[in-house]
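Residues per chain are reported as follows:
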Amino acid sequence: MIKIKRRSTVMKEGDKVIDNDIRFRKLIENSFSGITLLDHDLNIIYRNPSAERITGWHITDRVKNTIDDLTHPDDRDQLNQVLQQVLDQPGLTKTSTYRTIHPGGRYIWLECRFTNMFDEYDVNAIVCNFIDITEKKQAEERLIESERFISTITDNVPALIAYWTADLHCLFANNPHLEWFNKQPHEMKNITKQELLGDKEFKLHQKHIDAVLRGEPQSFERNFYKSDGTTIYTQTQYLPDKDGDTVKGFYSFISDITNIKLAEQEINKQTEQITDLLENITDGFIALDENMCYIYANKAVGKMIGMEPASLIGKNVWEVFPDAVGSNTYNAIQTAFTEKRYICNEDYYEPLKLWQENRAYPSGDGVSLFVRDITQKKHKEQEIEQLNERFSLISKATNDALFEWNFEKQEIWWSESYFTLFGFDPELPIPPLDEWLARLQPESRPLIDTTLKDIYEKGLNDWQVEVSYYRTDGTKGTLLNRGFVIRDEQNKPVRMLGSYQDITHQKNEQQQKALLNQAINESLKERNNILESIGDVFFALDKNWIVTYWNNVAEKVLRRSRSDVINKDFRKIYEYALNYLPLTKYHEAIETNKAVHFEHYSEVLATWFEISAYPNSEGLSVYMKDVTDRKNAETTAKLALDEKISILESIGDAFFAIDKNWTVTYWNNTAEKVLQVPKANILNHNLWDVFSTSVGSLSYKKYHRALKTNKAVHFEDHYPVLNKWYEISAYPSNNGLSVYFKDITERKISENRLTELNKALEKHAKELAVSNAELEQFAYVASHDLQEPLRMVTGFLTQIERKYGETLDAKGKQYIHFAVDGAKRMRQIILDLLEFSRIGRTDEHSEEVDLNKVVNEIIILYRKQIDEKKAKITFSNLPLLNTHKTPVRQVFQNLISNGLKYQKPGNAPLIEIEYAELPRHYHFSVHDNGIGIDAEYFDTIFIIFQRLHNKEEYSGTGMGLAVTKKIVESLGGKIWLESEQGKGSTFHFTILKK
Ligand code: ADP
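Calculation criteria
- Residues numbered from 1 in each chain as written.
- Predicted model: local features only at pLDDT ≥ 70, side-chain atom pairs only at ≥ 80, totals over all residues.
- Heavy atoms only, no water.
- Pairing = 2+ DSSP bridges.
- Helix = DSSP H or I, 4+ residues; strand = E, 2+ residues; numbered from the N terminus.
- Axes fitted to C-alpha atoms, helices over the stretch in contact; angles between N-to-C directions.
- Contact = heavy atoms within 4.5 Å.
- Salt bridge = Lys/Arg side-chain N within 4 Å of Asp/Glu carboxyl O.
- Buried < 20%, exposed > 50% of the residue type's maximum accessible area, 1.4 Å probe, protein only.
- Core = buried A, V, L, I, M, F, W, Y, C linked by side-chain atoms within 4.5 Å.
- Expected span 1.5 Å × (residues − 1).
- Near = heavy atom within 4 Å.
- Polar contact = N/O pair within 3.5 Å; in protein donor to acceptor, adjacent residues only side chain to side chain.
- Areas by Shrake-Rupley, 256 points an atom, 1.4 Å probe, with all protein chains shown as cover.
- Nonpolar A, V, L, I, M, F, W, Y, C, P; charged D, E, K, R; others polar.
- Disulfide = S-S within 2.5 Å.
- pLDDT = per-residue confidence, 0-100.
- Parallel < 35°, antiparallel > 145°, perpendicular 65-115°, else oblique.
- Left-handed = near helix turned anticlockwise from the far one by under 90°.
- Phe/Tyr/Trp six-rings, centres within 6.5 Å; stacked < 30°, edge-to-face > 60°.
- Lys NZ or Arg CZ within 6 Å of the ring centre and 35° of its normal.

### Thoughts on the sheet that holds strand β20 (residues 493-502)
Then, in step 1: Strand order in this open sheet of five strands is β17-β16-β20-β19-β18, and the pairing throughout is antiparallel. Sheet topology places β17 (411-414) and β18 (462-470) at the edges, where each strand pairs with a single neighbour. Each neighbouring strand pair of the sheet contributes to a mean axis angle of 25 degrees, computed without reference to strand direction.
Then, in step 2: Note that strand β16 (residues 401-406) and β20 share six bridges and pair antiparallel. Within β20, the residue paired with F403 across the bridge is G498.
Then, in step 3: With respect to the sheet, helix α18 (residues 445-457) is in contact with β16, β18, β19 (476-487) and β20, its orientation differing from that of β18 by roughly 155 degrees.

Here you go:
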């Protein structure tokens with residue numbers, strides 16, 4: 001060791017001074033800071049033990065190096081300058097901070113005071129007094145590092161982030177924040193909130209600032225109006241920075257939500273338009289959610305069911321209409337919902353006496369339903385049905401065979417009597433026309449031909465002919481064929497209605513009567529007997545019109561007694577009717593000497609007669625038969641037909657018919673209106689001449705197809721000339737096509753609007769999905785990259801603790817402990833964030849997962865905690881799910897571990913897991929007897945990093961429930977809770993069935 005020169009004066013002062021000297025040396029030698037004395041050439045002349053301890057150099061090695069050699073190249077200039085000044089100026093003290101190399105190869109930081117003491121005889125050296133400040137320097141660097149670290153994260157976040165102290169000074173603001181307020185970092189540091197916002201804006205924020213400083217997180221929106229007229233929407237969140245109960249400051253996050261707002265406004269606007277539309281259509285419209293509850297019902301629905309539409313909202317449709325469960329409509333709605341497809345049905349709802357035509361569409365999560373009131377249309381249909389029924393009843397009731405011959409379709413309809421009349425078996429198929437004609441006796445054929453010819457060529461409208469025929473059993477008979485023709489506007493015969501009456505009997509009677517007449521001549525008495533026994537009216541006139549005979553049927557039917565008429569002039573009896581038809585006919589018979597047959601209606605008797613008058617040598621014999629029944633049947637048939645036609649004319653649907661050459665043969669009133677072509681312009685015209693623009697259209701193709709395949713077609717088509725949509729059904733027949741169509745333009749417009757809206761919504765959803773994916777990606781990358789610097793921080797801190805553990809005082813150790821603890825928590829947060837960002841991107845395949853096993857695994861995982869706390873976890877018969885195991889396990893693990901954790905100290909946790917199967921979901925609940933949660937926080941706890949406790953009370957990062965919620969939602973479910981502070985909590989969640 002180099003000996004310190006002592007002042008000679010001190011020597012002279014004796015023992016006391018020597019004592020001082022020794023004490024002084026002891027002091028120096030024991031000083032905690034390093035002390036070195038240097039000569040003019042900066043060589044070491046003395047070092048105390050601390051100097052060796054701090055620099056690490058043993059003196060023998062130290063003297064081999066100059067100061068310059070040992071100093072960090074970056075610090076040499078600065079140190080040399082200081083040393084030069086000190087060397088030059090006796091008495092001068094200067095401080096320098098520099099790095100010097102440690103024999104181990106690393107640099108340590110020294111803070112050194114150099115004092116020129118060459119003037120002091122006893123010292124005659126430069127005194128260097130230094131301490132090691134490496135640790136302080138490193139801490140400073142860490143601080144800078146961590147600030148840089150925070151800015152790196154926050155500067156790239158698309159939000160304004162700042163930290164405000166409790167006295168409202170800014171400690172930190174990220175780049176977007178600086179840019180928004182147009183400030184430099186140094187201008188922002190320590191600026192007050194009021195200075196930054198200005199008085200007016202500050203006042204608006206005041207209540208939120210006060211609240212966050214009371215420890216309540218805040219979230220509110222603000223609009224800013226730019227000079228170009230656009231609006232920027234922002235959302236601000238204030239999160240308190242709490243230390244125990246005191247709020248040290250708060251974080252402010254401001255994000256631009258303009259895009260979201262605009263999208264929201266756009267959706268609102270479109271929704272309004274649709275609602276407007278839906279309110280104005282005559283069809284009812286109902287929207288149901290996935291639980292079959294009303295989300296919407298329009299005015300028309302209200303009218304149909306006699307209820308305020310608003311009163312339906314939120315109610316389950318089958319609770320409102322319990323008696324419709326199981327109906328057609330119920331099935332249609334269920335099908336649209338479960339099979340996600342459009343379905344149409346017709347139904348009758350008795351309680352409302354409502355016939356309805358429904359169109360159900362899947363929409364959103366639920367179903368939309370258009371309801372059309374078709375009660376009136378249905379009643380019309382029923383009327384027609386009734387009419388037809390009545391018509392067929394009448395045709396059954398009469399013995400005459402009735403027929404309807406449609407010339408156009410070449411179709412004949414026969415009443416049942418026809419079969420019995422000809423001897424055909426009514427059970428067998430109707431025989432063809434040819435077979436019927438073949439049944440006529442050859443002499444009757446020409447009669448039929450002439451009649452037909454007359455109908456076409458001479459305009460014959462009603463006729464009556466007698467024809468002879470063979471029955472199927474070979475016997476002969478006579479038929480009286482009567483009929484009338486129905487013509488269209490062009491006077492073309494369209495249909496023929498008529499009847500066949502078997503008059504074989506009468507014929508025979510006529511012959512008998514002829515015989516009788518002879519007999520009368522021979523035996524009047526006999527004649528009387530016979531004539532009296534006839535069931536029909538019979539009377540006889542002589543050549544002077546005097547009544548010579550009047551049988552008792554005549555007395556009854558004609559209501560005149562024999563004494564009133566016998567020997568009276570027939571013309572006088574009936575003189576009240578001058579142009580009395582029978583009289584004219586009798587004249588004719590007498591004049592031509594030929595029998596006459598005719599029909600006559602007597603108004604007085606309200607009876608139809610079939611009359612035959614036979615001239616003979618004495619005068620005239622007249623037979624009258626009451627045919628009122630048959631006549632009535634004929635009239636009814638004609639009426640029914642007229643009615644049918646008038647119904648075709650009056651139905652609300654448009655209807656037209658064309659023949660095989662596309663000539664229009666029928667065109668009803670509605671067709672005139674809907675297609676805007678009057679009958680006169682189209683009847684008997686070629687359809688495609690009139691609708692030349694539609695050649696090649698969908699309708700054109702469909703009609704051709706129907707004709708070609710002989711199968712009905714149903715389709716919807718647009719007619720550009722009128723800009724209208726039609727629902728069309730075309731039915732082929734032998735003659736051509738019958739076409740029904742309905743104007744569905746309104747429905748189409750609303751359908752199109754709906755599709756457009758759906759498209760717009762889909763687009764928004766896609767955009768949202770993309771931005772979500774980007775955010776997830778960002779969180780993923782950020783949390784990955786963040787781990788590295790953090791590992792460095794923890795690593796170095798642990799090193800310090802290990803190396804300098806003994807030299808650190810209790811405070812120092814505590815600081816290191818805090819720092820390591822903080823870093824650990826940050827690592828946990830980053831890991832949680834990483835996991836959060838990964839949810840929903842699992843590559844795992846679904847597998848059969850036994851939840852009983854899963855819960856048992858979790859119990860094993862928490863075995864230690866469960867034993868320590870004497871906890872009990874109960875569950876039974878949890879289901880097997882086909883799902884991703886890891887996320888599902890995570891959900892149960894998070895809820896169970898929270899149940900174990902959030903407990904009053906000393907309380908034995910009791911956790912009950914329950915399960916129920918719902919129609920579309922599995923429903924689970926995890927109940928605990930812990931500290932419970934105030935209803936006010938039911939939403940907050942699911943937000944990331946939101947905690948209700950500090951880490952001293954209950955450890956955690958505030959990620960667990962956020963992760964849980966995200967997983968549950970990615971599994972198609974929902975999570976919610978029931979809880980009361982101090983009374984335990986129940987977390988419910990659902991998982992969508994696959
Ligand atoms: P962490 O447990 O990491 O703090 P979580 O997201 O799991 O994060 O929970 C958020 C907050 O919700 C917790 O800080 C706690 O205050 C509250 N919490 C969660 N589960 C329960 C529970 N079972 N009983 C009482 N409080 C709970």
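### Comments concerning the pattern of salt bridges
Oppositely charged side chains can pair when the atoms bearing their charge come close.
Then, in step 1: Scanning the entire structure with this criterion turns up 30 salt bridges.
Then, in step 2: Here E751 and R747 are joined by a salt bridge, their closest N and O atoms 2.9 Å apart. Of this pair, E751 and R747 both sit in helix α30 (residues 745-804), four residues apart, roughly one helical turn. Comparing E751 with R747 shows no difference in burial state: the two are buried.
Then, in step 3: The residue E857 makes a salt bridge to R889 at a minimum N-O spacing of 2.8 Å.

### Comments concerning the nonpolar core
Across soluble globular proteins, nonpolar side chains have a tendency to be buried as a group.
Then, in step 1: Membership of the largest hydrophobic core comes to 41 residues, with the highest contact counts inside it found for L851, F892, I913 and F989.
Then, in step 2: Those elements that place two or more of their residues in this core are α32 (851-861), α34 (885-901), β34 (910-917), β35 (921-928), α35 (960-970), β36 (975-979) and β37 (985-992).
Then, in step 3: Considering each element in turn, this core owes the most residues, six residues, to α34.
Then, in step 4: When sequence neighbours within four positions are dropped, the list of residues in contact with F989 reads V891, F892, L895, Y922, H923, F924, V968, K974, I975 and W976.

### Concerning α34
It helps to recall that an α-helix has 3.6 residues per turn; residues three or four apart then point in one direction.
Then, in step 1: When the terminal C-alpha atoms of α34 are compared, their 24 Å separation across 17 residues agrees well with the 24 Å that a helix rising 1.5 Å per residue should span.
Then, in step 2: The element α34 is extensively covered by neighbouring structure, given that 12 of its 17 residues are classed as buried.

### Considerations on the site of the ligand
Then, in step 1: What surrounds the ligand is a group of 20 residues, the closest being N898, Y902, D928, R947 and L961.
Then, in step 2: At a separation of 2.9 Å, an oxygen atom of the ligand approaches a polar side-chain atom of N898.
Then, in step 3: Between R947 and the ligand, the recorded distance is 2.4 Å, taken from a side-chain N or O atom to an oxygen atom.
Then, in step 4: With the chains in place, 98% of the 530 Å² that the ligand exposes on its own is no longer accessible.
Then, in step 5: When contributions to the shell around the ligand are tallied by element, the ones reaching two or more residues are α34, α35 and β37.
Then, in step 6: Tallied by class, the residues present in the shell around the ligand amount to eight nonpolar, nine polar and three charged.

### Side note on the state of the cysteines
Then, in step 1: Within this structure, the stated rule accounts for zero disulfides.
Then, in step 2: We note that C112 lacks a disulfide partner, and the nearest cysteine sulfur, in C128, lies 4.8 Å from it.

### Notes on the confidence of the model for the chain
A low pLDDT means the predicted coordinates there should not be read in detail.
Then, in step 1: Predicted confidence across the chain gives a mean pLDDT of 84, with 90% of residues reaching 70 or more.
Then, in step 2: Predicted confidence is poor over residues 1-13, with pLDDT under 50, and the contacts of this stretch with residues over four places away or in other chains come to 17 contacts.

### Description of the pairing of strand β13 (residues 343-349)
Then, in step 1: Burial along β13 is one-sided: I343, N345, D347 and Y349 are buried, while C344, E346 and Y348, pointing the other way, are not.
Then, in step 2: As paired strands, β13 and strand β14 (residues 354-363) are joined by seven bridges and run antiparallel to one another. Pairing of I343 across the sheet is with A360, part of β14.
Then, in step 3: In this structure, the hairpin formed by β13 and β14 is closed by a connection of four residues, where K353 is found at a positive phi of approximately 50 degrees.

### Focus on the packing of α32 against α34
Then, in step 1: Viewed as axis vectors pointing N to C, α32 and α34 meet at an angle of 50 degrees, and their least axial separation amounts to 10 Å. Accordingly, the angle class assigned to the pair α32 and α34 is oblique. Between α32 and α34 lies a crossing whose hand is right-handed. Along the contact surface, α32 presents L851, V854, V855, E857, I858 and L861, while α34 presents K885, V888, R889, F892, Q893 and I896.

### Quick look at the packing of aromatic side chains
Then, in step 1: Evaluation of the coordinates by the stated rule reveals 40 aromatic pairs.
Then, in step 2: Ring plane angle 40 degrees and centroid distance 5.0 Å describe the contact between Y348 and W355, whose orientation is recorded as tilted.
Then, in step 3: Consider the rings of F892 and F924, whose centres lie 5.6 Å apart with planes at 80 degrees: the pair is edge-to-face. Here F924 lies in strand β35 and F892 lies in helix α34, a separation of 32 residues in the sequence.
Then, in step 4: Cation over ring: R222 sits above F224, and NZ or CZ is 5.5 Å from the ring centre.

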